[in-house]
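Secondary and tertiary structure notes
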Amino acid sequence: MKARSAMTRRSRHSPIALLLTLAAGLPGAALHAQQQDTRTPPPAEVIRFDALVVTATRMETRLRDVPANVTVTTKQDIRLSPAGTVADVLRAVPGFNMRTVRSSVVAHPGRQGINMRGLGSSSASRTLVLVDGAPLVDPFNGWVYWNRIPLETIERIEVVRGGGSPTWGNRALGGVVNIIRTRPTRSGGYGTLQYGSNAMVRANGGATVHTDRFTLSADGGWFDTDGYQIIRSDLRGPIDARSFSQNETFGGRLTVRATQRLELGMTGDYFNEERRDGSPLALSWQEIGSLRGHARYTAGANEFIMSVFGGSQTYRQWFSSITADRTSETLSVDQYRVPATTRGMSVHWANTDLGRHSLAAGADLQTVEGSTNENFRYVAGTATRQRHAGGEQLLGGAYIQDVFRPIDGLQLTGSLRYDLWKSTAGVRRERNLETGQETLNRPFEELTRHEATYSLGARWNSSDRLSWRASTYTGFRAPTLNEQYRPFRGGGNEVNESNAALVPEHLVGAEAGIDIGLGSRLFTRLTGYWNRVDDPIVDATIARAGPAGSTIAPCGFVASNGVCRQRMNVGRFRSIGLEAEAELRAGADWTLVASYLYNPTKVTESPDSALIGKAQATAPKHSLFLQAAWSRPGVLDAALSGRYIGERFDDDLNVFVLEAAFVLDARVSRRVRRDIDVFAGVENLFDTEYETNESTNNQIRTGVPRLVHIGVRWVR
């Protein structure tokens, strides 16, 4: 149990943190210019039609020419948010929700999948997450480790709602989130030190060296918190403990301008995280490393990009069974080693000057290998069974895209993509640890699927202030190795079985919208959409155990009042919705922002009649974001933000109801020297207790309590 002892040490004096703290306090040091300058920019017009985005079309395109609904979260938006992670910042985007509204600071990564436009999320996300165009999604589980990306290194975040599969392939069924880091243009650096409630410490720093021929940058971060209680206050028992986390992250990037036309680059990242999920035995640890190289060649209007990437990770987690009165827990599963590796490459070509056409084409290939190795069926604290389960996947695809401008103001976009998905070498083996005898050796059939997806879109800019857009699209998502082969036991005596026979999910969707700029100070956007998902993969409820526990196929023994679930393709569900956004600059200093989502969902077909008519799990019908910000450079930046999450359900049968909640946050910062800012923030200003998850045995979890932090940022 080496990993467990490391987690319970809770070291307060990481050498990384001390080095970063020292760097933040040395005014003569050459720190990081990754953000060029994170100081408050002068007031800008609200009109965002001319912002350049790359995610929707894989070509640098003005936002006013994109037929999809794209929201760009800027560096200033990030600075005005009291949030400490990317996921928490993105909650301001309409249509963007998480499987849980609990902060990613303490939420298990399996609970951090994106629920875009009510399309839901199992442990795997139905939305693709990228960093500078490279996948951030865990290749084995489909999880998203949001804490891997320090906010200080981000230039902007592009969120594309709607099917992204015709451009980006698998996992982009619900859309794409592309986190774009700043490309340094000078030498320099930054340092940030932050302290807050529950002994929270966050330290980040980095440095860049920039010349005419190369740019070399490195950054690192350290985070630690004692965390907080996540079980609702009236339900807590003796076994309930603070949910804490600690992580370290490092990154390095080298870009070389070999010639005037050729750029070569290499990026490496390392992430290590430890966490406890609310009780003494609910512990987990993960370690991730990745490496990516690229070559970019530009000749006139032609651009060629070739990328290669690889990654390796390992994961460990302990699960427990909890008594109904929450007085004790017993170890149920020790997933002592869950390794995964991935390798891939992509090629991309684009020409933006072919008369009235802009063309792009490319191909990509990825392989994934992963397995789970675990001890289970504990008797008197000792495991009696051992399991190995896993397999391999191959995912490859090719795409072509044409952007056609038949007349001034009108742009038509069409994309077509072909994908191959193959799942091989699947196996599940079990043995009796008391006798050493193998009790199960089951190989699984190879599965192969061919997928063709398309998108068609149109945008009409009838004036500089008014644009109309519409699009239709298809998409798919293949099951992950985790969903196919890895069973697990969740909190509250929930047993989830894998399913090697899962097939890909498919989406058909359409949307239409209007963008309006009134004068130079008001920007509004309205979008209506319709989506249908066939064969969605859900954690389907099989049966519930009695007070004494029960043996339920295929889960085996389920503890007292527990639930047996299995991942299944369950027919079809529909998601319709309306997204509204508005941004107003009121005077020279004030900015008001509002976004609203109306999103009813419903299962329309299912082999299980009990599911028909039920809403998609974790998808609220109503959500709202409001913000009032005041900014005067050199004086003060201040923002007050409110988030409303409507009533929703936490299971497929809509048994567990999560109540609606409204949470208010605040943030202020002030320049004290030319290159030093001080700042403070409050999350959940009124200390509202709101529900985030509900499961068996009185396990109702709650969100962030009132958290206060202060900090200093230095940029040069």
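Attention in this report is confined to the structure presented alongside it. (Residues numbered from 1 in each chain as written. Predicted model: local features only at pLDDT ≥ 70, side-chain atom pairs only at ≥ 80, totals over all residues. Heavy atoms only, no water.)

The next subject is the nonpolar core. Counting 29 residues, the largest nonpolar core has Trp-146, Val-177 and Ile-179 as its most contacted members. Listed by contribution, the elements that provide at least two residues to this core are α4 (86–89), β4 (96–98), β5 (114–116), β6 (128–131), β8 (154–161) and β9 (175–181). Ranked by residue count, the leading element in this core is β6, at four residues. Grouped together as the second largest cluster of nonpolar side chains are 18 residues, Phe-140, Phe-271, Phe-476 and Tyr-485 included. (Core = buried A, V, L, I, M, F, W, Y, C linked by side-chain atoms within 4.5 Å. Buried < 20%, exposed > 50% of the residue type's maximum accessible area, 1.4 Å probe, protein only. Helix = DSSP H or I, 4+ residues; strand = E, 2+ residues; numbered from the N terminus.)

A few words now on the state of the cysteines. Summed over all chains, the structure comprises one disulfide. Cys-555 shares a disulfide with Cys-564; S-S distance 2.1 Å. Disulfide Cys-555 to Cys-564: torsion about the S-S bond roughly 80°, handedness right-handed. Using a relative accessible area of 9% as the deciding quantity, one classes Cys-555 as buried. (Disulfide = S-S within 2.5 Å.)

Turning our eyes to something else, we now look at the side chain of Gln-386. Along the polypeptide, Gln-386 turns up in strand β20 (residues 382–404). Take Gln-386: its relative accessible area is 18%, and that puts it in the buried class. Engagement of the side chain of Gln-386 in a polar contact is seen with the side chain of Asn-375, the distance being 3.0 Å. Setting aside residues no more than four positions away along its own chain, Gln-386 makes contact with Tyr-336, Glu-374, Asn-375, Phe-376, Arg-429, Glu-430, Arg-431 and Leu-433. (Polar contact = N/O pair within 3.5 Å; in protein donor to acceptor, adjacent residues only side chain to side chain. Contact = heavy atoms within 4.5 Å.)

Okay, the pattern of salt bridges next. Scanning the model with the defined rule gives 43 salt bridges in all. Put simply, Arg-565 and Glu-494 hold a salt bridge, and the shortest N to O gap is 3.3 Å. On the criterion of sequence distance, the pair formed by Arg-565 in strand β32 (residues 563–569) and Glu-494 in strand β26 (residues 494–497) is long-range, its members being 71 residues apart. For Glu-494, a relative accessible area of 10% translates into the label buried. The salt bridge involving Asp-589 is made with Arg-632; its shortest N-O contact spans 2.5 Å. (Salt bridge = Lys/Arg side-chain N within 4 Å of Asp/Glu carboxyl O.)

The subject of this paragraph is the environment of Thr-439. Structurally, the position occupied by Thr-439 is in strand β22 (residues 438–443). Thr-439 gets classed as partly exposed once you look at its relative accessible area, which sits at 45%. Linking Thr-439 and Leu-420, residues 19 residues apart in sequence, is a C-alpha distance of 35 Å. Look past the residues within four positions of Thr-439 in its chain and what remains in contact with it is Glu-430, Arg-431 and Asn-432.

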